[in-house]
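Fold and contact review
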Amino acid sequence: MEPCAGAWFARGVRVPARNALLADLVPANAYGRAYGFERAMDNLGAIGGPLLALELVAVFSVRTAILISVIPGILAALAIIYAISRAAQPAVRERVPIRLRIRPVLRGDLGRLLGAITAFEVGNVAATLLILRATELLTPAHGIEAATSIALSLYVAYNIAATLASIPAGHTSDRLGKRGPVLVMTAGITLFGIAYAALAFDTVSYLLLALPFIAAGLAIGCVETAEHAAVAALAPTDLRGSAFGLLATVQSLGNFAAGAIAGLLWTLVSPNAAWAYPAARMGIALIGMLFTRTGRAAEV
């Protein structure tokens, strides 16, 4: 449990800093493409990483596989150091205290955007629940082992869809101008609503189950790319770290709440009700997106 907690703590520290750094290195008219590429590579890693780990464990051992995994981590750290060294630096740097600034982030368009994202994230359940739903539906017809294998295959399709969607979503976000991130995010939320609504109905066909998995994969590729691009566009330079930190907090707490509520509904009511909840939340999030706009970063 301790290594797992450490890994998630490191993720909470790493992701906002990475997103803020990327916003500093990329021109404003290329935010979508930059975050789309980053999301595509992350999702591609979710496909290739486990497959490579299985191969390493088969050839060597679990301990050796973990030791080998340190190498790409070191290379990633060196790549970040290189990127920072190549970035243009201001001639004069004003010393400012390190602090998390919440109130300025919640003002104006950026605050409204984070409100809409919160409405979405509270209904954005973890992909593991998709696997659980598919396994439950397929078990009576295929048996537990086959159902689990099919569900994991559907999860691979989910990650492939997310990988394929991220870069086009970023390009579209840039090409559509100021409203681009909001429109791409709206498309992703709509796809999530369709996927969750489909999972609220029972089916024993893995082909029919593939449709909501693929729709959810396309949706996450659109939404995560657009969220980061929108925050980068709206957050003033000196607030980017705080803005991306608050975004990560909203994402993690929202996903926790979504999973907890869906789990309670699954246990106390029915699996169908558990999936009707996130589908309904997507409708609320779409209403929130109507009041969201992106433009130039606000002045502080």
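Residues numbered from 1 in each chain as written. Predicted model: local features only at pLDDT ≥ 70, side-chain atom pairs only at ≥ 80, totals over all residues. Heavy atoms only, no water.

For the pair helix α4 (residues 108-121) and helix α9 (residues 240-268), interaxial distance at closest approach is 8 Å and the crossing angle is 20 degrees. On the basis of their axis angle, the class for α4 and α9 is roughly parallel. As α4 runs across α9, the sense of the crossing is right-handed. Counted together, Leu110, Leu114, Ile117, Thr118 and Glu121 of α4 and Ala243, Leu246, Leu247, Val250, Gln251, Gly254, Asn255 and Ala258 of α9 form the full contact between these two elements. (Axes fitted to C-alpha atoms, helices over the stretch in contact; angles between N-to-C directions. Helix = DSSP H or I, 4+ residues; strand = E, 2+ residues; numbered from the N terminus. Parallel < 35°, antiparallel > 145°, perpendicular 65-115°, else oblique. Left-handed = near helix turned anticlockwise from the far one by under 90°. Contact = heavy atoms within 4.5 Å.)

Glancing now at the environment of Ser173. Mapping Ser173 onto the fold places it in helix α6 (residues 144-175). Along the sequence, Ser173 and Ala230 sit 57 residues apart, while their C-alpha atoms lie 9.1 Å from each other. When neighbours within four sequence positions are excluded, Ser173 is seen to be in contact with Gly32, Gly180, Pro181, Val184 and Ala229.

Structurally, Arg39 is set in helix α2 (residues 31-59). Using a relative accessible area of 6% as the deciding quantity, one classes Arg39 as buried. Distance in space between the C-alpha atoms of Arg39 and Ala165 is 9.3 Å, their sequence separation being 126 residues. Setting aside its immediate chain neighbours within four residues, Arg39 contacts Arg18, Ser166, Glu224, Thr225 and His228. (Buried < 20%, exposed > 50% of the residue type's maximum accessible area, 1.4 Å probe, protein only.)

This paragraph deals with helix α5 (residues 127-142). An α-helix turns once every 3.6 residues. As a result, residues three or four positions apart point the same way. With 16 residues, α5 should reach 22 Å at 1.5 Å per residue; the first-to-last C-alpha distance of 22 Å fits that figure. The largest bend along α5 reaches roughly 25 degrees and is located at Glu136, with the proline Pro140 sitting one to four residues downstream. Among all positions in α5, only Ala127, Leu129, Leu130, Ile131, Arg133, Ala134, Thr135, Leu137 and Leu138 are buried. (Expected span 1.5 Å × (residues − 1). Bend = angle between axes of the 7 residues up to and from the residue.)

Two side chains carrying opposite charge are able to pair once their charged atoms lie near each other. Evaluated as defined, the whole model comprises nine salt bridges. It is possible to trace a salt-bridge network through shared partners that takes in Arg18, Glu38, Arg39, Asp42 and Glu224. (Salt bridge = Lys/Arg side-chain N within 4 Å of Asp/Glu carboxyl O.)

Across the interface, α2 lies against α6 with an axial gap of 7 Å and an inter-helix angle of 175 degrees. When the axis of α2 is compared with that of α6, the two are roughly antiparallel. Each of Tyr31, Gly32, Arg33, Gly36, Phe37, Arg39, Ala40, Asn43, Leu44, Ala46 and Ile47 in α2 lies in contact with α6, whose residues at this interface are Asn159, Ile160, Ala162, Thr163, Ser166, Ile167, Gly170, His171, Ser173 and Asp174. Broken down by class, the residue content of the contact of α2 with α6 amounts to nine nonpolar, nine polar and three charged. (Nonpolar A, V, L, I, M, F, W, Y, C, P; charged D, E, K, R; others polar.)

The next point concerns the confidence of the model for the chain. Across the chain, the average pLDDT comes to 84, with 87% of residues at or above 70. Taking the mean pLDDT of every element in the chain, the minimum, 70, falls on helix α1 (residues 2-25) and the maximum, 95, on helix α7 (residues 180-199). Scored below 50 in pLDDT, residues 296-300 shows twelve contacts in the model against residues more than four places distant or in partner chains. (pLDDT = per-residue confidence, 0-100.)

It is worth spelling out the nonpolar core at this point. Leu130, Met185, Phe192 and Trp275 are the most contacted members of the largest nonpolar core, which totals 68 residues. The element that contributes the greatest number of residues to this core is helix α8 (residues 206-234), accounting for 15 residues. When near neighbours in sequence (up to four residues on either side) are disregarded, Phe192 contacts Phe120, Asn124, Ala216, Ala219, Ile220, Val223 and Met282. (Core = buried A, V, L, I, M, F, W, Y, C linked by side-chain atoms within 4.5 Å.)

Its location among the elements puts Thr203 in the loop between α7 and α8. Residue Thr203 is classed as buried on the basis of its relative accessible area of 18%. A polar side-chain atom of Thr203 sits 3.2 Å from the main-chain amide nitrogen of Ser205. The residues contacting Thr203, other than those within four sequence positions of it, are Leu137, Leu208 and Leu209. (Polar contact = N/O pair within 3.5 Å; in protein donor to acceptor, adjacent residues only side chain to side chain.)

Glancing now at the packing of aromatic side chains. By the definition in use, this model includes five aromatic pairs. Both rings, one in Tyr35 and one in Phe244, keep their centres 6.2 Å apart while their planes meet at 40 degrees; by these two values the pair is tilted. Taken as a pair, Tyr35 in helix α2 and Phe244 in helix α9 lie far apart in primary sequence, 209 residues in all. Its relative accessible area of 0% is what places Tyr35 among the buried residues. Of the residues examined, Phe244 reaches a relative accessible area of 1% and is grouped as buried. (Phe/Tyr/Trp six-rings, centres within 6.5 Å; stacked < 30°, edge-to-face > 60°.)

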